[in-house]
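Residue-level structural notes
Here is what each chain is made of, one letter per residue.
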Amino acid sequence: MIYLDNNATTRVADEVIEAMAPWYRDHYGNPHSAHALGRRAHDGIEQARAEVASLLRARPQEIVFTSCGTESNAIAILGTLGQRPERRKIVTSAVEHPSVLALLGELSRRGEIELATVGVDGDGRLDLEALRREVDSSTLLVTLMLAQNETGVIHPVEDAARIAAAAGALLLVDAVQAAGKIETDAGALGADLLSISGHKLHAPKGIGALYVREGVTLSPIWRGGGQENGLRSGTEAVPLIAGLGCASRIAQQRLELQANVRLLRDALEARILAISATSRNGAEPRLPNTASLSFHGLFADSIVAELDAKGVCISAGAACHSGAVEPSSVMKAMGKPIDQALGTVRFSLSRNTTAEEIELAAALVEESVSHLRKGAAVAPRPEEGGGSTRSGRAASQAG
Ligand code: PLP
């Protein structure tokens, strides 16, 4: 098996599994209990908090543990609402993750916010001028991802921070795909709030964190025992928190391995782009591990299935519901022609990916594409217009 779907999720590091085990087996106390086992669990949480803070160059008291990136984004967005009722506008980009866009869409439909969505160009670059025009004195929050999950394109978050700060608005940075792959310094980015997710950086699923800059106040979205500084009630998942702490420490220590990941990604891209009628999506700066590549005229889910059968795990950039194939919203936002958008797949590497795996994966892609191009799984030409209908297994992109 060659796993090239690390933006969907990563393998939990062996050290992380080892770091978690004692918190299940031995130190299982409730961190709020007033006995030795409770104190031990409390100390474990605080150690992990310091490790996560260190990855984000933040202070430990600025880290709130959550269950995932989706929850971190929700706590940040819903938590800012109600803090300043005179401001109702939220500005975001067209290529944010559904955990942001679906929530903002719902809030907008309910009339609770005024939503402004800023576009990207054909290379996935944010329209900063449009952002500047949209952010005004009625803006409560600007929410922007640091790195795009499908293309890996890195957004100009520092510029967005300056624009937000000048208007007195808060900035939420979705750093779920960035943390652990590129330097993610919450303060230097100018973030007021910043989300990360454990399972994207070799920690388990079910744990995430939200950085809340000192001085920023959020309203909790649910109430209870007042854990996590009152922001996220519920008994803390101590083993998962310990796992995220360990994964953060390792990610920080091994950040330089990402230079090698970039070399491997570039080698894979070069091999694939040598195939006729292929193209790359997204301009630099990009994450070192992500390659969004289009196979013109082919259906992404056919490529995913063909490679799956050969033991290579990748993601499709197109969603298929009830037989109607639609390009991903990110490819649509980038204005990609339909025959390219429908044939877009994502390869995402990790620090565990080897040169041998990349060599083999590239050969299998060449073989698969040649096979598919001789066969029937062909997407419409650009002049045939919008979505297309075909039978076939749904292959939407995770993460
Ligand atoms: N934000 C981005 C950019 C993502 O890629 C993901 C992953 O799916 C999320 C948020 C949601 O993270 P989680 O799966 O931990 O809820």
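This text follows the structure it describes.
How each quantity is defined
Residues numbered from 1 in each chain as written. Predicted model: local features only at pLDDT ≥ 70, side-chain atom pairs only at ≥ 80, totals over all residues. Heavy atoms only, no water. Helix = DSSP H or I, 4+ residues; strand = E, 2+ residues; numbered from the N terminus. Rg over C-alpha atoms; globule rule 2.2 N^0.38 Å. Buried < 20%, exposed > 50% of the residue type's maximum accessible area, 1.4 Å probe, protein only. Lys, Arg positive; Asp, Glu negative; His and termini not counted. Charge placed at Lys NZ, Arg CZ, Asp CG, Glu CD. Polar contact = N/O pair within 3.5 Å; in protein donor to acceptor, adjacent residues only side chain to side chain. Contact = heavy atoms within 4.5 Å. Near = heavy atom within 4 Å. Areas by Shrake-Rupley, 256 points an atom, 1.4 Å probe, with all protein chains shown as cover. Nonpolar A, V, L, I, M, F, W, Y, C, P; charged D, E, K, R; others polar. Pairing = 2+ DSSP bridges. Right-handed = clockwise from strand over helix to strand, strands pointing away. Core = buried A, V, L, I, M, F, W, Y, C linked by side-chain atoms within 4.5 Å. 1 Å grid on protein atoms, 1.4 Å probe; cavity = no way out; pocket = protein on both sides within 12 Å on 5 of 7 lines; lining within 4 Å. Points joined across faces, edges and corners; volume = space filled by probe spheres on them.

1. Some points on the overall build of the protein chain
Counting secondary structure elements, the protein chain contains 13 helices and 16 strands. For 399 residues, the compact-globule formula gives about 21 Å, and the C-alpha radius of gyration of the protein chain, at 22 Å, lands near that figure. Dimensions of the protein chain, computed from C-alpha atoms along their principal axes, come out at roughly 70 × 50 × 35 Å. Across the 399 residues that make up the protein chain, the buried fraction comes to 58%. Distance between charge centres in the protein chain, computed from 40 positive and 47 negative side chains, equals 1 Å.

2. Topic: the side chain of threonine 66
Structurally, threonine 66 is set in strand E2 (residues 63–66). Since its relative accessible area comes to 3%, threonine 66 is described here as buried. One polar contact links threonine 66 to serine 72, side chain to side chain, over a distance of 2.8 Å. Of the polar contacts made by the side chain of threonine 66, one reaches the backbone nitrogen of alanine 209; its length is 3.5 Å. With near-sequence residues (within four places) excluded, threonine 66 lies in contact with Glu71, Ser72, Ile75, Gly206, Ile207, Gly208, Ala209, Leu210 and Arg232.

3. Describing the site of the ligand
Every one of the 15 residues lining the ligand counts as a neighbour, but Gly69, Thr70, Asp174, Gln177 and Ser197 are closest to it. Residue threonine 70 places a side-chain N or O atom 2.6 Å away from an oxygen atom belonging to the ligand. The contact in question runs from an oxygen atom of the ligand to an N or O atom on the side chain of histidine 199, over 3.0 Å. In the complex, the protein chains occlude 92% of the 390 Å² of accessible area that the ligand would expose alone. The element that contributes the greatest number of residues to the shell around the ligand is helix H3 (residues 69–80), accounting for three residues. Of the residues assigned to the shell around the ligand, the class counts are three nonpolar, ten polar and two charged.

4. Here's the deal with the pairing of strand E3 (residues 89–93)
Moving residue by residue along a regular strand, the side chains alternate between the two faces of the sheet. Among the five residues that make up E3, five are buried, leaving the element largely enclosed by the rest of the structure. With five bridges joining them, E3 and strand E4 (residues 114–118) adopt parallel strand pairing. Its bridge partner lying in E4, threonine 92 is registered against threonine 117. With helix H4 (residues 98–109) bridging E3 and its parallel neighbour E4, the resulting β-α-β unit is right-handed. Both E3 and strand E5 (residues 139–145) contribute to a ladder of four bridges, which runs parallel. Of the residues in E5, the one forming a bridge with threonine 92 is threonine 143.

5. Section: the pairing of strand E7 (residues 193–197)
Among the five residues that make up E7, five are buried, leaving the element largely enclosed by the rest of the structure. Neither face of E7 is left uncovered, since the one carrying Leu193, Ser195 and Ser197 and the one carrying Leu194 and Ile196 both have all their residues buried. With three bridges joining them, strand E6 (residues 170–174) and E7 adopt parallel strand pairing. Paired with aspartate 174 across the bridge in E7 is serine 195. Examined bridge by bridge, E7 and strand E8 (residues 208–212) share five bridges and lie antiparallel to one another. Of the residues in E8, the one forming a bridge with leucine 193 is valine 212.

6. Comments concerning the nonpolar core
Grouped together as the largest cluster of nonpolar side chains are 61 residues, with contacts concentrated most on Leu56, Ile63, Phe65, Leu131, Leu146 and Leu194. The greatest single-element share of this core, amounting to nine residues, is contributed by helix H8 (residues 238–253). Each residue touching phenylalanine 65, except ones within four places of it in the same chain, is listed here: Ile45, Ala48, Arg49, Val52, Ile207, Gly208, Ala209, Glu228, Arg232, Ile241 and Leu244.

7. Things to note about empty space enclosed by the protein
Within the structure shown, the criterion is met by two cavities of 30 Å³ or more. Approximately 100 Å³ is the volume attributed to the largest cavity. Of the residues belonging to the lining of the largest cavity, the class tally is five nonpolar, seven polar and three charged.

Coordinates in, geometry out; function isn't part of it.
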